[in-house]
Amino acid sequence: GEDVEQSLFLSVREGDSSVINCTYTDSSSTYLYWYKQEPGAGLQLLTYIFSNMDMKQDQRLTVLLNKKDKHLSLRIADTQTGDSAIYFCAESMGSDFNKFYFGSGTKLNVKP
Amino acid sequence: NAGVTQTPKFRVLKTGQSMTLLCAQDMNHEYMYWYRQDPGMGLRLIHYSVGEGTTAKGEVPDGYNVSRLKKQNFLLGLESAAPSQTSVYFCASRDREGQPQHFGDGTRLSIL
């Protein structure tokens, strides 16, 4: 499968901004997604971006896409303790929309 | 809002036993997926379906079978469970190409 890479851990203080990074390998990726997983729960879609976009903002969330470097980031403004979770980025392939590839997840720890 | 419902939520099996995991969605989605999630890894696609009566292999299909007899249900079967199949299994569905997947809360399966 395709490689989707994320750092494993991120720790921030409450009120700070968090930036979670993701790199992918397939330049034909069409959609890129960010999901949040809380303990014992399934994956909750946070936001997604079409590959012809550079940025998407949704309340406290900002997604940046650098297609040249195949780099995706999720910025969470004013991070709260309730944001503590594992965050997954995923890509769907331009060649086969049914194939989704997920990163290993970044565990965000928000300290009060 | 039910969304995607998985049953059971937990199960312990002995090696060699068989069982079926059920996924039901009430959103009239065409596409359905089964993933497994293992520690330190992202989600890996086991099988998927692009419509009623269809199934296809994903990244890690060995040891599993699936059926999609009704549009709203996608069943995952383990014919002869092995300890390597101990995992958390997630079902997901989506409406059409490019749209994000909606996930169930998972089934935690332990095989002794």
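Remember, it's a predicted structure, so these values are computed and weren't measured experimentally.

So, how was this worked out
Residues numbered from 1 in each chain as written. Chains lettered and ligands numbered in written order. Predicted model: local features only at pLDDT ≥ 70, side-chain atom pairs only at ≥ 80, totals over all residues. Heavy atoms only, no water. Phe/Tyr/Trp six-rings, centres within 6.5 Å; stacked < 30°, edge-to-face > 60°. Helix = DSSP H or I, 4+ residues; strand = E, 2+ residues; numbered from the N terminus. Buried < 20%, exposed > 50% of the residue type's maximum accessible area, 1.4 Å probe, protein only. Core = buried A, V, L, I, M, F, W, Y, C linked by side-chain atoms within 4.5 Å. Contact = heavy atoms within 4.5 Å. Buried area = accessible area lost by both parts, 1.4 Å probe. Salt bridge = Lys/Arg side-chain N within 4 Å of Asp/Glu carboxyl O. Polar contact = N/O pair within 3.5 Å; in protein donor to acceptor, adjacent residues only side chain to side chain. Disulfide = S-S within 2.5 Å. Pairing = 2+ DSSP bridges. Axes fitted to C-alpha atoms, helices over the stretch in contact; angles between N-to-C directions.

*Asks:* Honestly, the packing of aromatic side chains in this entry has me stumped. Any pointers?
*Replies:* The full count for this structure, using the stated rule, is 15 aromatic pairs over all chains. For the pair Y31(A) and Y48(A), a centre-to-centre distance of 6.2 Å together with 50 degrees between the ring planes defines the contact as tilted. Residue Y31(A) is found in strand β4 (residues 31–37), and its partner Y48(A) is found in strand β5 (residues 43–50); the two are separated by 17 residues along the sequence. Taking relative accessible area as the criterion, Y48(A) reaches 22% and is therefore assigned partly exposed. Here the aromatic rings of Y33(B) and Y48(B) are separated by 6.2 Å at their centres, their planes lie at 25 degrees, and the arrangement is stacked. A residue pair is termed long-range when its members are at least 10 positions apart, and Y33(B) in strand β4 (residues 31–37) and Y48(B) in strand β5 (residues 43–49) qualify at 15 residues. A relative accessible area of 0% means that Y33(B) is categorised as buried. Under the relative-accessibility criterion, Y48(B) is labelled buried at 9%. Grouping aromatic residues by their ring pairs yields a cluster made of Y31(A), Y33(A), Y35(A), Y48(A), F50(A), F100(A), F102(A), Y33(B), Y35(B), Y48(B) and F103(B).

*Asks:* Sorry, what's going on with the nonpolar core here?
*Replies:* For soluble globular proteins, the rule of thumb is that nonpolar side chains tend to be buried together. Ranked by size, the top nonpolar core spans 22 residues in total, and within it W34(A), L72(A), L74(A) and Y87(A) carry the most contacts. Residue assignment for this core shows that the elements contributing at least two residues are β3 (18–24), β4, β5, β7 (61–66), β8 (71–76), β9 (85–92) and β11 (106–111) of chain A. Apart from residues no more than four positions distant in its own chain, L72(A) is found in contact with I20(A), N21(A), C22(A), L32(A), Y33(A), W34(A), I49(A), V63(A), L64(A), L65(A) and C89(A). Residues C23(B), V60(B), Y89(B) and L109(B) belong to the second largest nonpolar core, which totals 19 residues.

*Asks:* What's the story with the interface of chain B and chain A in this structure? I'm lost.
*Replies:* In many analyses, interface size is given as the accessible surface area lost on bringing the parts together. Every contact between the two is made by 24 residues of chain B and, on the other side, 20 residues of chain A. Summing both sides of the interface, chain B and chain A together bury roughly 1,700 Å²; the carbon and sulfur share of this comes to 55%. Across the chain B-chain A interface, the total number found is zero salt bridges. Connecting chain B to chain A are three residue pairs in polar contact (both at pLDDT 80 or more).

*Asks:* Would you take a moment to explain the state of the cysteines for this structure?
*Replies:* Working definition of a disulfide: a covalent bond connecting the sulfur atoms of two cysteines. One pass over the structure, following the stated rule, counts two disulfides over all chains. Shown here is the disulfide that connects C22(A) with C89(A), its sulfur atoms set 1.9 Å apart. The chirality of the disulfide connecting C22(A) with C89(A) is right-handed, given an S-S dihedral of about 65 degrees. In this pair, C22(A) sits in strand β3 while C89(A) sits in strand β9, placing the two residues 67 residues apart along the sequence. The burial state of C22(A) is the same as that of C89(A); both residues are buried. Between the sulfur atoms of C23(B) and its disulfide mate C91(B) the distance is 1.9 Å. Here C23(B) and C91(B) share a disulfide; its torsion about the S-S bond, -75 degrees, makes the bridge left-handed. Note that C23(B) is positioned in strand β3 (residues 19–25) and C91(B) in strand β9 (residues 87–94), a separation of 68 residues in sequence. Owing to a relative accessible area of 0%, C91(B) belongs among the buried residues under this scheme.

*Asks:* What am I meant to see in the side chain of Q37(B) here?
*Replies:* Residue placement: Q37(B) occurs in strand β4. Judged by its relative accessible area of 13%, Q37(B) falls in the buried class. Polar side-chain contacts of Q37(B) include one of 3.0 Å to the side chain of Q37(A). If we ignore the near neighbours within four places in the chain, the residues touching Q37(B) are Q37(A), F88(A), G42(B), L43(B), S87(B), V88(B) and F90(B).

*Asks:* Mind showing me how you'd approach the sheet that holds β3(B) here?
*Replies:* Backbone hydrogen bonds are what pair the strands of a sheet, in a parallel or an antiparallel way. All names here are of chain B. Spatial strand order, β1-β3-β8-β7: four strands in an open sheet with antiparallel pairing. Each end of this open sheet is capped by a strand with a single partner; those strands are β1 (4–7) and β7 (64–67). Sheet twist, expressed as the average angle between the axes of neighbouring strands with direction ignored, equals 20 degrees. Both β1 and β3 contribute to a ladder of four bridges, which runs antiparallel. Its bridge partner being in β3, Q6 is matched across the sheet by C23.

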